[in-house]
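Fold and contact review
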Amino acid sequence: MAKASVSDDCIDMVTPWNEYLSAKYKRSFAYHTVRNRLPVTVTQVIDHLSRSKEALVQTYGEGSREEIKQIIGYLSKLKNEMQTNKPLISLEANEVDASDWNNFLNTTEERLGRPLLWFADVWLHIECYLYRRIRESFALTKHLNQYDPFRHQKEEAFTGSLQAISVVGSYLLKLIESDAKIDTEQCVLQFLKLSLWGNRCDLSISGGKDISQVENPLDMISTLDELILVNDLQKVWSALNSTSSGPKIIDIIFDNSGYELFSDLCLAHLLVKLGLANKIRFHGKRVPWFISDVMEHDFHWLIQEMANQTRAPCLSKLSTMWKDFLSSGTWTYLTESFWTLPYSYDAMKQIDPELYNSFEGSKLLIFKGDLNYRKLVGDVFWPHTEKFSVALRGFEPAPLVTLRTIKADVVVGLQPGQAEKVAQKDTDWLVTGKYAVVSCLVK
Ligand SMILES: O=P(O)(O)OC[C@@]1(O)O[C@H](CO)[C@@H](O)[C@@H]1O
Ligand SMILES: [Mn+2]
């Protein structure tokens with residue numbers, strides 16, 4: 001009998017323990033995402049292009065008019081492929097990571113003995129593939145080749161959070177300019193928490209709805225400690241404060257633009273100012289990713305936008321200091337292709353050994369957000385009490401910590417009974433970003 005709908009291919013059950021997260025399990029967040037949320041994301045890009053057509057033609061020339069039609073056609077086809085569970089197809093445009101992506105697709109197909117399908121395979125692979133195909137729709141054009149369909153939302157996420165950003169910015173400036181002795185440990189813990197809770201601001205989970213950070217984050221974070229279900233902040237402090245002879249290099253693997261990026265840069269500023277790091281390497285995405293993830297343009301745009309805030313002089317002052325960190329090499333911004341491949345991080349050593357080896361000298365790798373967490377633990381539905389060190393499956397290039405608000409149904413490192421207790425209070429505790437984990441692996 002013909003399938004009534006794609007969901008007939010799916011299994012009406014929750015994800016079994018130790019199985020990969022996948023839309024094949026109808027009661028999983030993966031299924032809700034692939035069935036309902038990702039089609040909305042594609043539709044929002046199509047709507048954005050339709051609404052902005054004349055403005056885009058003004059900016060990119062008459063030649064872009066036809067390309068807008070071409071991109072909309074491509075995205076409509078992509079949406080249909082997903083909604084009818086068609087096989088995943090290879091990338092066409094010759095971009096720096098296209099061969100890596102096509103190798104991944106071919107190797108996986110060989111292993112499975114069938115093509116990958118939207119409602120059958122690992123959620124991580126499927127979701128990363130969707131965003132890489134959205135990128136491809138622009139990569140196949142000439143005039144709109146570098147256009148970022150999410151940029152306007154990322155920029156609004158900053159301007160909508162200016163009040164909170166000014167509060168945090170003036171607080172940081174007072175700290176770094178005061179002569180009074182400051183409680184170094186307490187300050188670092190406070191800015192680690194600001195960076196952690198900044199991760200709640202993510203357009204992908206909000207479906208593109210405004211996620212401006214409007215409350216006063218300093219007041220907010222002091223009340224949130226009980227929502228941190230795994231709290232390794234003291235271990236993070238010991239790793240930061242260790243007087244090991246090695247170079248004081250810290251890596252921050254970014255997640256979202258806007259308020260979260262600002263909170264990450266405040267943390268980075270404090271770590272340098274307190275002498276806990278003398279070099280900080282930031283890692284961003286090469287292509288538009290999960291709507292709000294940081295690209296190099298977003299990074300420099302935010303620092304420049306701060307310089308333009310004449311009504312918040314603390315921000316323009318910080319902006320000057322941050323530009324000095326960049327020009328002196330204290331801060332560097334890097335964009336490696338690996339972050340926008342589908343692989344979880346246990347594959348990094350094999351797929352990108354240069355990147356893996358570059359981390360060996362790092363004092364601490366700070367991974368921000370939910371997608372990075374899913375890639376650290378391999379998008380596996382681990383028992384919630386599984387050890388973080390086990391879930392990493394050998395990815396240990398340096399001491400690392402994840403600052404993650406929980407927005408996907410995988411969490412490890414909990415105490416026995418803890419998950420059940422939280423679930424009694426909030427049945428959707430795994431997907432709202434209300435709760436968080438700070439899990440640390442020290443070598
Ligand atoms: O990495 P982030 O920005 O914290 O979250 C990414 C995210 O919004 O996308 C996926 C669901 O679509 C989940 O991993 C998570 O909800
Ligand atoms: Mn993100």
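Residues numbered from 1 in each chain as written. Chains lettered and ligands numbered in written order. Predicted model: local features only at pLDDT ≥ 70, side-chain atom pairs only at ≥ 80, totals over all residues. Heavy atoms only, no water.

What about the site of ligand 1?
Around ligand 1 there are 16 residues in total, and Glu127, Asp255, Asp370, Leu371 and Lys407 lie nearest to it. Side-chain polar atom of Asp255 to an oxygen atom of ligand 1: 2.8 Å apart, as the coordinates give it. Between ligand 1 and the protein, one listed contact pairs an oxygen atom with a side-chain N or O atom of Lys407 at 2.6 Å. Burial of ligand 1 by the surrounding chains reaches 100%, relative to a free accessible area of 390 Å². Going through the elements one at a time, helix H1 (29-51), helix H5 (123-139) and helix H16 (370-377) are the ones with two or more residues in the shell around ligand 1. (Near = heavy atom within 4 Å. Polar contact = N/O pair within 3.5 Å; in protein donor to acceptor, adjacent residues only side chain to side chain. Areas by Shrake-Rupley, 256 points an atom, 1.4 Å probe, with all protein chains shown as cover. Helix = DSSP H or I, 4+ residues; strand = E, 2+ residues; numbered from the N terminus.)

Some thoughts on helix H7 (residues 162-177)
The end-to-end C-alpha separation of H7 is 22 Å, in line with the 22 Å expected for 16 residues at 1.5 Å each. Along H7, the residues that are buried comprise Leu162, Ala164, Ile165, Val168, Gly169, Leu172, Leu173, Leu175 and Ile176. On an axial view of H7, the arc spanned by its buried residues comes to 160°, and they lie on one face. Residues Gln163 and Lys174 are exposed on H7 and point more than 90 degrees away from its buried face. (Expected span 1.5 Å × (residues − 1). Buried < 20%, exposed > 50% of the residue type's maximum accessible area, 1.4 Å probe, protein only. Arc of directions from axis to C-beta.)

Points about the side chain of His48
Here His48 shows up in helix H1. If we skip the residues at most four places from it in the chain, His48 touches Tyr147, Pro149 and His152. (Contact = heavy atoms within 4.5 Å.)

Looking at the side chain of Lys363
In this structure, Lys363 sits in the loop between helix H15 (353-358) and strand E5 (364-368). No salt bridge is formed by the buried Lys363; its nearest oppositely charged neighbour, Asp251, is found at 12 Å. At 2.6 Å, the side chain of Lys363 forms a polar contact with the backbone oxygen of Leu240. Other than its neighbours up to four places away in sequence, Lys363 contacts Ala239, Leu240, Ser242, Pro247, Lys248, Ile249, Ile250, Leu276 and Pro399. (Lys, Arg positive; Asp, Glu negative; His and termini not counted. Salt bridge = Lys/Arg side-chain N within 4 Å of Asp/Glu carboxyl O.)

Brief notes about the state of the cysteines
Tallied over the full model, the rule gives 0 disulfides. For Cys10, which is in no disulfide, the shortest distance to another cysteine sulfur is to Cys128 and amounts to 19 Å. Here Cys266 is not cross-linked by a disulfide; its sulfur's nearest cysteine counterpart is in Cys314, at 9.2 Å. (Disulfide = S-S within 2.5 Å.)

Some details on the coordination of the manganese ion (ligand 2)
Ligation of the manganese ion (ligand 2) by protein atoms is provided by Asp255 (OD), Asn256 (OD1) and Asp293 (OD), these donors lying 2.1 to 2.2 Å from the ion. In the primary sequence, the donor residues of the manganese ion (ligand 2) line up as D-N-x36-D. Of this pair, Asp255 sits in the loop between strand E2 (249-253) and helix H11 (259-273) while Asp293 sits in the loop between strand E3 (279-284) and helix H12 (296-307), and the two are 38 residues apart along the sequence. (Donors = N, O, S within 2.8 Å, 3.2 Å for Na, K, Ca; no water.)

As for the sheet that holds strand E6 (residues 400-405)
Read from one edge of the open sheet, 7 strands run E1-E7-E6-E5-E2-E3-E4, paired in mixed fashion. Each edge of the sheet is formed by a strand with only one pairing partner; in this case those strands are strand E1 (228-231) and strand E4 (331-335). When the angles between neighbouring strand axes are averaged without regard to direction, this sheet yields 15°. Two elements, E5 and E6, share 4 bridges in a ladder whose sense is parallel. Bridged to Phe367 within E6 is Thr402. (Pairing = 2+ DSSP bridges. Axes fitted to C-alpha atoms, helices over the stretch in contact; angles between N-to-C directions.)

Here's the deal with the nonpolar core
Counting residues in each nonpolar core, the largest one holds 156 residues, and the members touching the most others are Leu75, Trp118, Leu265, Ile280, Phe282, Leu302 and Trp322. Of the residues forming this core, the biggest block, 10 residues, is contributed by H11. In terms of domain composition, this core takes at least three residues from each of domain 1 (19-140) and domain 2 (150-441). Beyond its immediate chain neighbours, meaning those up to four positions away, Trp118 contacts Ala23, Val34, Leu78, Glu81, Met82, Asn85, Lys86, Leu88, Ile126, Tyr129 and Leu130. (Core = buried A, V, L, I, M, F, W, Y, C linked by side-chain atoms within 4.5 Å. Domains from an automatic or database assignment.)

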